[in-house]
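Structure assessment
So the chains spell out like this:
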Amino acid sequence: MEKIIDEILKKISTSEKIILSAHTNPDADAIGSCLAFALKIKSMGKTPIVALEQFDERFKILPGQEFVVHDNIEDIEGDLFISLDCATEARLGKAEIFIKKYFTINIDHHHGNTNFGNINYIIPDFSSTSEMVYNILKKTGINKDIASAIYAGIIGDTGGLRHPCTTIETMEAVTELFKLDIPFSKIYNSVMGEKSVAAHKLLGRAIEKSVFLHNGKVLYSGITKKDIEEFNGTYKDLDMIVSELISVRGVKIAFFIYEKEEGSFKVSFRAKDEYNVCAVANVFGGGGHIKAAGCTISLPFDEVIEKIKEEIDKLF
Ligand code: 5GP
Ligand code: MN
């Protein structure tokens, strides 16, 4: 592993304009790992560009926003591409084009990463890509801003240091980040807790519509485009719903569905105990982690539910 880290740092030091991206609908880990790297690259006197899909305002508290570009991603030019927190080429969305155009460094912790980079630094089941970024950047020095971005990514993917993927090393990394006097309370409250008014209302709608199966062991819900429009929201207002569903006592598997594009539904799965939802997501061409996975299915709403139910029935 040390050798790969050295190769990554060497490649960065010999490049000037470095493009960074992560999976579509980026979460705290995707955003945090990109921003941390961008801040480091900037401090080395180079130019970072973070190409990401639009993300929720609660992540705007993180430093490094000045490097973020959401529009006309295909026009961005550089001389090195770093993909963070992304398992497959397709999951990069529009940023997929950079793989073919530039030397690609692929840094990720997802099962089933397809090793699409020229350098692949993959540790499946590691707490977060952000902790991997910490291990890369700690060799070269981390400042308060870099530490803040890394902290956000680590707490995002560990559910605030509570999921089983949290290790002693994760805690040690966080201890080191705290030593840099990061505004941890502010970051935690914003990244983990804050939601828009639309998100609040849509959460209410999703809870109201939720359905139990298998004697309360499965709980699912769905939000339609009509629901989103009613509350003047966007799909970015939905990413906290599935964790509310899995938090219900007795529930072992939760899934949540929303219509991201016309006729195409995004599904988020969460699991507790021995249940593996990555396997369910795999059936539909998706993936992720054993206890948190997702996929996209292009079928009518009711059929999406039926197909998923069929797969989940097999687990009971
Ligand atoms: P979420 O439900 O929060 O969108 O995603 C949970 C986990 O599953 C994340 O690690 C995410 O990267 C992964 N994931 C979500 N959707 C997809 C998908 O369509 N394909 C793959 N391969 N992974 C996904
Ligand atoms: Mn991640």
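Residues numbered from 1 in each chain as written. Chains lettered and ligands numbered in written order. Predicted model: local features only at pLDDT ≥ 70, side-chain atom pairs only at ≥ 80, totals over all residues. Heavy atoms only, no water.

Observations regarding the domain arrangement of the protein chain
- Its domain assignment divides the protein chain into domain 1 (2-193) and domain 2 (197-313).
- For domain 1 versus domain 2, the separation of C-alpha centres amounts to 26 Å.
- Contacts between the two partners involve 13 residues from domain 1 and, on the opposite side, nine residues from domain 2.
- Surface buried jointly by domain 1 and domain 2 totals about 990 Å² across both partners, of which 47% is contributed by carbon and sulfur atoms.
- Area buried by domain 1 at its contact with domain 2 is led by Asn-25, Arg-58 and His-111, which between them contribute 41% of it. (Domains from an automatic or database assignment. Contact = heavy atoms within 4.5 Å. Buried area = accessible area lost by both parts, 1.4 Å probe.)

Some thoughts on the coordination of the manganese ion (ligand 2)
- Looking at the manganese ion (ligand 2), the protein donor atoms are Asp-29 (OD), Asp-85 (OD), His-109 (NE2) and Asp-157 (OD), and they sit 2.2 to 2.3 Å from it.
- Of note, the manganese ion (ligand 2) draws all its donor residues from one chain, in the sequence arrangement D-x55-D-x23-H-x47-D. Taken together, the residues His-109 in the loop between strand S5 (104-108) and strand S6 (119-122) and Asp-157 in helix H5 (residues 144-158) connect sequence positions 48 residues apart. (Donors = N, O, S within 2.8 Å, 3.2 Å for Na, K, Ca; no water. Helix = DSSP H or I, 4+ residues; strand = E, 2+ residues; numbered from the N terminus.)

What about the site of ligand 1?
- Around ligand 1, 14 residues are found, and the nearest of them are Arg-91, His-110, Lys-266, Ser-268 and Arg-270.
- The separation between an oxygen atom of ligand 1 and a polar side-chain atom of Ser-268 is 2.6 Å.
- Within the backbone of Gly-287, a nitrogen or oxygen atom sits 3.2 Å from a nitrogen atom of ligand 1.
- Isolated, ligand 1 exposes 500 Å² of accessible area, and the fraction of that covered by the protein chains is 84%.
- Of all the secondary-structure elements, those providing two or more residues to the shell around ligand 1 are strand S10 (264-271), strand S11 (287-288) and strand S12 (292-297).
- Looking at the shell around ligand 1, the element that brings in the most residues is S12, giving five residues.
- Class assignment for the residues of the shell around ligand 1 results in three nonpolar, eight polar and three charged. (Near = heavy atom within 4 Å. Polar contact = N/O pair within 3.5 Å; in protein donor to acceptor, adjacent residues only side chain to side chain. Areas by Shrake-Rupley, 256 points an atom, 1.4 Å probe, with all protein chains shown as cover. Nonpolar A, V, L, I, M, F, W, Y, C, P; charged D, E, K, R; others polar.)

Points about the packing of aromatic side chains
- The full count for this structure, using the stated rule, is eleven aromatic pairs.
- With centroids separated by 6.3 Å and ring planes inclined at 25°, the aromatic side chains of Phe-98 and Tyr-102 adopt a geometry described as stacked. Judged on exposure class, the residue Phe-98 and its partner Tyr-102 are both buried.
- With 6.3 Å between their ring centres and 5° between their planes, Tyr-235 and Tyr-258 make a pair best called stacked. In this pair, Tyr-235 sits in the loop between helix H9 (225-230) and helix H10 (241-246) while Tyr-258 sits in strand S9 (residues 253-261), placing the two residues 23 residues apart along the sequence.
- Judged by its relative accessible area of 23%, Tyr-235 falls in the partly exposed class.
- Across from the ring centre of Phe-103, 4.1 Å away, lies the NZ or CZ of Lys-11, which sits over that ring.
- A cation sits over an aromatic face here: Lys-236 above Tyr-235, 5.9 Å from the ring centre. (Phe/Tyr/Trp six-rings, centres within 6.5 Å; stacked < 30°, edge-to-face > 60°. Buried < 20%, exposed > 50% of the residue type's maximum accessible area, 1.4 Å probe, protein only. Lys NZ or Arg CZ within 6 Å of the ring centre and 35° of its normal.)

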